[in-house]
Every structure is written in structure tokens, then in C-alpha cells.
Amino acid sequence: MITKRNRATGAVALLLMLTVLVVGGCESDSVVPNDSLPALTEGEAAQQAALAAMAVSRVGPQIVLFDGTKLSSKVLGVYPYTFPPGSDVQGTVTLEFFDGGPGGIHSTWEEADYALLYTSGEEGVTVDLESGGGFGLTFDVTALLDRPADTATISGGGVFTTGEIDSPFGFTDLVVTAVSSYPSGGSMTFTAGVHELLVGFDGDSTAVIMVDDVDTYIIDLDDGSVTEITSG
Amino acid sequence: MSLFDRAPGSRRRAVVAGALTLCLCCTTWTGPAAADSLQQLLEQVGTEYAEPYSEVFIHAFGANQNSNLYSTAHIPWQGLTFGVGIKFMGTYLNEEDQTFRKVVRIDDLGAIDPALNGQSGTAVLSGPTIFGDTDTDGTIDLYANGILVGSFDGIPGFWNTRWVPLATPEFSVGGIVGLKATIRYFPPYEYGDLGKTKYMGYGLQWSPNGLLNEFPVDLMIGFFNQSLDVENTQGLGQDKLIDSSANSVFLAASKSWPALTLYGGFAIESSDMKVSYFYEDVDFPDLTQNVSFQVDGRQEKRFTLGVTLDILLKLNLEAGFGDLSTYSAGLMFGF
């Protein structure tokens, strides 16, 4: 016989089962290792910065070395440039040229006084190392062109990627010339983990990494090696 | 040993793969279609990868084993009670546990890739776990001086699911001074080349209700021990390929009405699984060696809430909450 008491009991039971079902949406705590990526040491950050600087000395000068007579442009002033096989850098960058500065109109490369250099997609350009492994860089930079002097002053930056590690970098008045692959001035700020390094260029085959305003490492821009400056 | 077993095409004895397949097959729900595919997966990786890859299964399996150990706290003091039936359990995984990342410091990367001999570095092993994406391979990345110097493929998930199931038959008998004995049991069975597999669990419960007649709810304490062994047939000195155990001590209370019982309880539990096998690499004989790893189940305590409907058969629904959330149902015949 269904009594009020039995109805109440049934109601409680149903409520409980519903509660179980609702709570059944509760997932377990995580039990699987999900370690953070290893923290970079200062030395490792310097190595990354050195390789980035080496790659910049290959890519940056393309803004002034670029020869528009050898490439076709489907859109006025927009030129995709693919690094030739056998070069240290592989991949494609896009160069855009403007007449009239940052707010100007697209122009041919001969008439331009302002340029953009950028990579498309996440991969950017890549560099394979002889020692094994490699890295990639994306670029998004602007350049003020000085045609008589054949130089460009670059601002903007990009991201250095190796495996799952991304390290952004930015340029401050980086000067590239047509006569040398080594930037003749300016700097690059490189951020790797908790380390912020300042790379200074002076036109020769080396660059200096400053840590906390102290010259700490020397980079060989030919092979991307880095040497710590020891006092004494 | 190349702990990261990345060379494709080498023939290896992936008995651990088959054994894990066996454990997954101890269930009425077999999500993945082919048990052999798990063996093929684990053949491609070594211990350092296999552990985090399969660890979630070990934690969930232990939690499942320690589930649905009772469906009421009422045990008569006089008269016989008997039950036979089957229990179904499922652990609901955290979404994060469908992927893993493990970072390992390596003193000499040459142990993995001779071209990196003498260099120290870091290995980052990541990708889907055994219950993760079946279409995406994991990766083993090697870093030296902050630069990626090598990258190898891991393996995809085996079964893309957040529910880990288990089913087990159960027998119980009791009714004398509030005692009840329970057994869970699979008969020993030979699964292909893996050898004999045994599953056995036993427990005892006691209810003091014969002494506490006026207490408003039924009370019960008990314990349950379980083991699942897979025999190692390699004949190289290791008795067991898989040696797992699960243990629980619990306190429960229940309230009964006609055809309905509500129950709840608290348990302290443990589980572990040890896997041992002889790894033989035909292509790289220097890598041949004994492999053994053990994982302790994460869950150490749980709260349980359940309801039992007694209409000809006893159907119970239960939820258990600790580090892992486990849901179960049981269907028992008896009196």
C-alpha cells in the first residue's frame, strides 16, 4: 500500500539519485604528470639569443639586398622571398615596399622609403644546426629605408621557437646595410623565460650580450656560438 | 637502455602492453576495437614514456577495484543471507589526464642518440595518455643548451575516453552474528601468449546492529583485499608480469525502507600495480635488460553515497569521491 510515508521515502530516494547523477558530473582530480617546461638558465638563454642574432644577420639585410628585378610581384610592392637551398635559413618571408613612409602607398622596391618584412603562419623561417636540431623564427618588422646609403633601420620583432619553447625578441633601431651581413648598429632585446638579454651590434662579426647592463657574453655571428666573458 | 625506445621496426616483447590490454579486457565495455593495437603502441616506447602514458589507467583501475564493496550496512544476526551478481564500475577522469608531459634530466644524451654523446640535456616527453587522442602522436624532444637537438615520435592514445570501466562478479554469504563474507573472482585463464591470469578478492564485514537494536541507522565495518596477477611466461626468473593489489577498510551506515536502502560510508584504501618484463631489442641488443616499474594508486580515501532498490533483484547505484570520482552499479540475486 502506498502511504504518505512511502511516498516521502520514494521522493527522498529519487532526490538522492538525482543528486548522485548531478554530482556524477564531478570529474576526478588530475593524477597524471604534467610537468612545466624546464626553466632556462642564463647560459641557455644566451645561446638562444646568439642563434637568433645569427639568423637576424641573415634575414635582416634582405630588406636592402633584395633585388626586385629578379622576382615578380602579383601585387604592387609585395614580394615573397624564399631563401635559396643551401643557405643557413630556410623558408619564405614577405617584403612590402611603400613610398611615403609608414602611411604611404605601395610602390616598387626602387621607389620605396619604407618596408615591411614579415613571415606568415606559425612556422616562419627555420634554421637547422650542424650539431643537430634547430629552431624557427617569425618576424614582424618595419624598416625605414635610406636609398642613397643603402641602409635600413629596423623596428619590430618576432619570436624564436625551439621545440615547445618560445622566446620573443624585439629590435631597437637595428641598422642593416647592403655592404655587410652584420648589423652596423642598434640592439635586440631577447626574452627567454625569466631572462631578459640585450644584444648590441656594432658592424663586425661579433655582438655583445648584456645582462643587467653588464657585458656578459660575446656572440660569433657566423656560427651562433656564444662565449661567456670572464673577468680578469 | 634507451629509455625512450624510439627506433621503429625493432621487434620487442611488449608483454606489458598485452597485460594492460588484459586489464582493460576485464570489463564488459571494451571501447577500443583491437587489443593488439595497444601492444603495437607500447612496443614503440620504453619505461620513461610508458609510465606517465599508462599511469592514469593504474590509478583509475585501483579506484574501480575498491568501489561498490557494499550496498547496505544491514547484516542480519540470525538467518542466512546470500548474494551473487555482478558489479560495474567507472572512474570519471579529469580532462587534463588525457595528456601528459614529463621532463627528465639526462646526464648524457648519447644514451639516446649517439650523435649527442657527451652532451647533457633535458628530455620532454609529452602527448596523449592511454585514454587520450588516438589520432595524435606524442613526442620525445631532446634539449641541450636551451635548443631542441632531437625530436622523436611517441605514440597516440589507445582509447579516447574519460570513463575507465571495470566489471566483476561477486558472491557473498553471511548472517551469523552480523558477519558477511564476500568474494570477487575470475577463474584462472590463459590469455594467448601472456600466461595465466588470476583475479581474486575477499572481504569481511561486520554489523553491530544485533547489539544496537534501537540505533536509528544500521552500521557496518569491513575490509576488502583484491589482487590481479598475470603470469610472466618468459621463463627468465620473473614470476609475474603484472602484480596488482587493492585494499580497503571502510565504515558504512544505511537506512532501509521497504524496497529501498540509502547508504553511505568512508573508506581508507590503497592500490598498486607492478609491471615486470624482460625487454629484448633485436635491432639494438645492448638495450636488452629487465624492466620493472611500480605505480601506487593515488586514491587513499573516499566518501561513498549510494542507493539500493530491492525489487526481486537488488540494484544499487553508487558514487565514490576521493582524488578520483567513481560511479558504479550492481545487480545482485539473493536473499
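Note that the structure is predicted; figures quoted are calculated from it, not measured.

Some details on the overall build of chain A
1) Next: When its secondary structure is counted, chain A shows three helices and 14 strands.
2) Next: The 232 residues of chain A split such that 36% are buried.
3) Next: Partitioning the intrachain contacts of chain A with sequence separation of at least 6 by distance along the chain shows that 42% fall at a separation of at least 24.

Quick notes on the overall build of chain B
1) Next: Each helix and strand in chain B was counted, giving three helices and 15 strands.
2) Next: Restricting the contact set of chain B to residue pairs at least 6 apart, pairs at least 24 apart contribute 65%.

Description of the interface of chain B and chain A
1) Next: Between chain B and chain A, the contact holds 41 residues from the first and 34 residues from the second.
2) Next: Here the residues of the side of chain B that touches chain A are counted per class, giving 23 nonpolar, nine polar and nine charged.

Notes on the nonpolar core
1) Next: Core analysis: the biggest nonpolar cluster contains 96 residues, and Ala 49, Ala 52, Ala 53 and Ala 115 of chain A have the highest contact counts within it.
2) Next: Residue contributions to this core peak at 11 residues, all from helix 2 (residues 42-59) of chain A.
3) Next: Apart from residues lying up to four places away in sequence, Ala 53 of chain A is in contact with Met 188, Val 199, Ala 207, Ile 219 and Leu 221 of chain A.
4) Next: Counting 13 residues, the second-largest nonpolar core is a separate cluster that includes Leu 69, Met 220, Ala 252 and Tyr 263 of chain B.

Description of the environment of Asn 160 of chain B
Residue and element names in this part refer to chain B.
1) Next: When you line up the elements, Asn 160 lands in the loop between strand 5 (147-153) and strand 6 (163-176).
2) Next: Given 16 C-beta atoms within a 10 Å radius, Asn 160 is considered partly exposed.
3) Next: Linking Asn 160 and Gln 98, residues 62 residues apart in sequence, is a C-alpha distance of 7.9 Å.
4) Next: If near-sequence neighbours (up to four positions away) are discounted, Asn 160 is found in contact with Phe 131, Gly 132, Asp 133 and Thr 134.

Quick word on helix 2 of chain A
1) Next: An ideal rise of 1.5 Å per residue puts 26 Å on 18 residues; helix 2 of chain A measures up with 25 Å between its terminal C-alpha atoms.
2) Next: Here helix 2 of chain A lies mainly inside the structure; 15 of its 18 residues are buried.

So, the pairing of strand 14 (residues 225-228) of chain A
Residue and element names in this part refer to chain A.
1) Next: Relative to strand 14, strand 13 (residues 214-220) runs antiparallel, the two being bridged by four bridges. Its bridge partner lying in strand 14, Ile 218 is registered against Thr 227.
2) Next: Between strand 13 and the antiparallel strand that follows it, strand 14, lie four residues; Gly 224 among them carries a positive phi value of about 75°.

A look at the environment of Pro 156 of chain B
Residue and element names in this part refer to chain B.
1) Next: You can see Pro 156 is positioned in the loop between strand 5 and strand 6.
2) Next: Given 18 C-beta atoms within a 10 Å radius, Pro 156 is considered partly exposed.
3) Next: Along the backbone, Pro 156 and Ser 244 are 88 residues apart, and their C-alpha atoms lie at a distance of 25 Å.
4) Next: The contact partners of Pro 156, leaving out residues within four places of it in the chain, are Pro 128, Asp 133, Thr 134, Asp 135, Thr 136 and Asp 137.

As for the confidence of the model for chain B
All names here are of chain B.
1) Next: Predicted confidence across chain B gives a mean pLDDT of 82, with 79% of residues reaching 70 or more.
2) Next: Counting interchain partners and residues more than four positions distant, the pLDDT-below-50 stretch residues 1-37 has 89 contacts.
3) Next: In the predicted complex, the global pTM is 0.78; the interface-specific ipTM is 0.84.

Some words on the pairing of strand 13 of chain A
Residue and element names in this part refer to chain A.
1) Next: Alignment of strand 12 (residues 206-211) against strand 13, held across six bridges, turns out to be antiparallel. Along strand 13, the bridge assignment pairs Val 208 with Ile 218.
2) Next: As consecutive antiparallel partners, strand 12 and strand 13 are separated by two residues, and within that stretch Asp 212 has a phi angle of approximately 55°, a positive value.

Focus: unusual backbone geometry
1) Next: The residue Asp 212 of chain A is not glycine, and still its phi comes out positive at about 55°.
2) Next: Mapping Asp 212 of chain A onto the fold places it in the loop between strand 12 and strand 13.

With respect to helix 3 (residues 47-65) of chain B
1) Next: Where helix 3 of chain B bends most, at Ser 54 of chain B, the angle is about 45°.
2) Next: For helix 3 of chain B, a buried count of 18 out of 19 residues is recorded, marking the element as mostly surrounded by other parts of the structure.

Description of the environment of Leu 309 of chain B
1) Next: Among the secondary structure elements, Leu 309 of chain B is positioned in strand 13 (residues 301-311).
2) Next: Residues in contact with Leu 309 of chain B, not counting those within four places in the same chain, are Ala 259, Leu 260 and Leu 315 of chain B.

Considering the confidence of the model for chain A
Low-pLDDT portions of the prediction should not be read for the details of their coordinates.
1) Next: Looking at chain A as a whole, its pLDDT mean stands at 87, while 85% of the residues score no less than 70.
2) Next: Of all helices and strands in chain A, the one with the weakest mean pLDDT is helix 1 (residues 4-23) of chain A (59), whereas strand 10 (residues 185-192) of chain A scores best (96).

About the thresholds
Residues numbered from 1 in each chain as written. Chains lettered and ligands numbered in written order. Predicted model: local features only at pLDDT ≥ 70, side-chain atom pairs only at ≥ 80, totals over all residues. Helix = DSSP H or I, 4+ residues; strand = E, 2+ residues; numbered from the N terminus. Buried ≥ 20, exposed ≤ 12 C-beta atoms within 10 Å, placed from the backbone. Contact = placed C-beta atoms within 7 Å. Nonpolar A, V, L, I, M, F, W, Y, C, P; charged D, E, K, R; others polar. Core = buried A, V, L, I, M, F, W, Y, C linked by C-beta atoms within 7 Å. Expected span 1.5 Å × (residues − 1). Pairing = 2+ DSSP bridges. pLDDT = per-residue confidence, 0-100. Bend = angle between axes of the 7 residues up to and from the residue.

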